[in-house]
Amino acid sequence: MATMYYDKDADLSLLDGKTIAVIGYGSQGHAHAQNARDNGCTVIIGLHEGSSRSKPKAEADGFAVYSVAEATAKADIVMVLIHDTIQGAVYAESIGPNLKPGAMLMFAHGFNIHFGQIVPPASVDVAMVAPKAPGHRVREVFTEGGGTPGLLAVEQDATGHAHALALAVALVLTGPIV
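Quantities reported herein were computed from a predicted structural model and do not represent experimental measurements.

A.B. asks: Which parts of the structure should I look at to understand the overall build of the protein?
C.D. replies: Looking only at helices and strands, one finds seven helices and seven strands in the protein. Shown N-terminal to C-terminal, the secondary structure of the protein runs as helices and strands in the order β-α-β-α-β-α-β-α-β-α-β-α-β-α. By the compact-globule yardstick of 16 Å for 178 residues, the protein fits well, its C-alpha radius of gyration being 15 Å. With the principal axes as the frame, the protein shows a C-alpha extent of 40 × 35 × 30 Å. Per-residue burial for the protein yields a buried fraction of 48% across its 178 residues. Sequence-distant contacts, at least 24 apart, represent 63% of the contacts inside the protein between residues at least 6 apart. When the accessible surface of the protein is totalled, it reaches about 8800 Å², and 54% of it is carbon and sulfur. Each charge class in the protein was averaged separately, 11 positive and 17 negative side chains, and the resulting centres sit 5 Å apart.

Pasting the structure below:
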């Protein structure tokens, strides 16, 4: 059964003192990162070594850019926004070994979790926030003062707070805080 959530349902204090690492700075990555930062969150970007297109864009937008491994190690929330086809390999090489116990691993699409291409340790929360628009539209609606509806799911609740934290992340990624 589906439940509708609204801005008032999110406890943004759960994000206080947390660092969000956005892995990837393409269509969804740039929108999620900029919206969360504009909503007062600490956001860093994780990119593969030698990223020649996304790194200059992320830096020009004012973000600190790290390798995927470094960004993951620094983060409390890791939002994986790279192509589904490479997520498994990037997770195995750079994300999984650097996830902190109690961190939240997030996706905008559930393919790799659902089909077992990524199997996170039991010590982390795993959730999905999937805006129902392309990233450029998510950002455009945000800058116009609106929000984008989205889907939220929790696959694994290691901390006992995964749903509440995912709801807070969903709000800062997809809609303005007013």
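A.B. asks: Would you take a moment to explain the packing of helix α1 (residues 27-38) against helix α7 (residues 162-174) for this structure?
C.D. replies: A pair of packed helices is characterised by two quantities: the angle between their axes and the separation of those axes. Packing of α1 against α7 leaves a shortest axis separation of 7 Å and a crossing angle of 100°. Regarding the angle of α1 to α7, the classification is roughly perpendicular. Note on element contacts: α7 touches α1 through V172, L173 and T174, opposite A31, H32, N35 and A36. Here the residues of the contact of α1 with α7 sort into four nonpolar, three polar and no charged.

A.B. asks: When you look at the pattern of salt bridges in this model, what are you seeing that I'm missing?
C.D. replies: Where charged atoms of side chains with opposite charge meet at close range, the side chains can pair. Under the defined criterion, the tally for this structure stands at five salt bridges. The shortest N-O distance in the salt bridge between D9 and K8 comes to 3.3 Å. Using a relative accessible area of 68% as the deciding quantity, one classes K8 as exposed. Between R139 and D38 there is a salt bridge, with its nearest N and O atoms 2.8 Å apart. In this pair, R139 is assigned in helix α6 (residues 135-143) and D38 in helix α1, connecting sequence segments 101 residues apart. Judged by relative accessible area, which is 14%, R139 ranks as buried. The partly exposed category is assigned to D38, whose relative accessible area is 41%. One salt-bridge network, in which partners are shared between bridges, spans R37, D38 and R139.

Rules of the game
- Residues numbered from 1 in each chain as written.
- Predicted model: local features only at pLDDT ≥ 70, side-chain atom pairs only at ≥ 80, totals over all residues.
- Heavy atoms only, no water.
- Helix = DSSP H or I, 4+ residues; strand = E, 2+ residues; numbered from the N terminus.
- Rg over C-alpha atoms; globule rule 2.2 N^0.38 Å.
- Buried < 20%, exposed > 50% of the residue type's maximum accessible area, 1.4 Å probe, protein only.
- Contact = heavy atoms within 4.5 Å.
- Areas by Shrake-Rupley, 256 points an atom, 1.4 Å probe, with all protein chains shown as cover.
- Lys, Arg positive; Asp, Glu negative; His and termini not counted.
- Charge placed at Lys NZ, Arg CZ, Asp CG, Glu CD.
- Axes fitted to C-alpha atoms, helices over the stretch in contact; angles between N-to-C directions.
- Parallel < 35°, antiparallel > 145°, perpendicular 65-115°, else oblique.
- Nonpolar A, V, L, I, M, F, W, Y, C, P; charged D, E, K, R; others polar.
- Salt bridge = Lys/Arg side-chain N within 4 Å of Asp/Glu carboxyl O.

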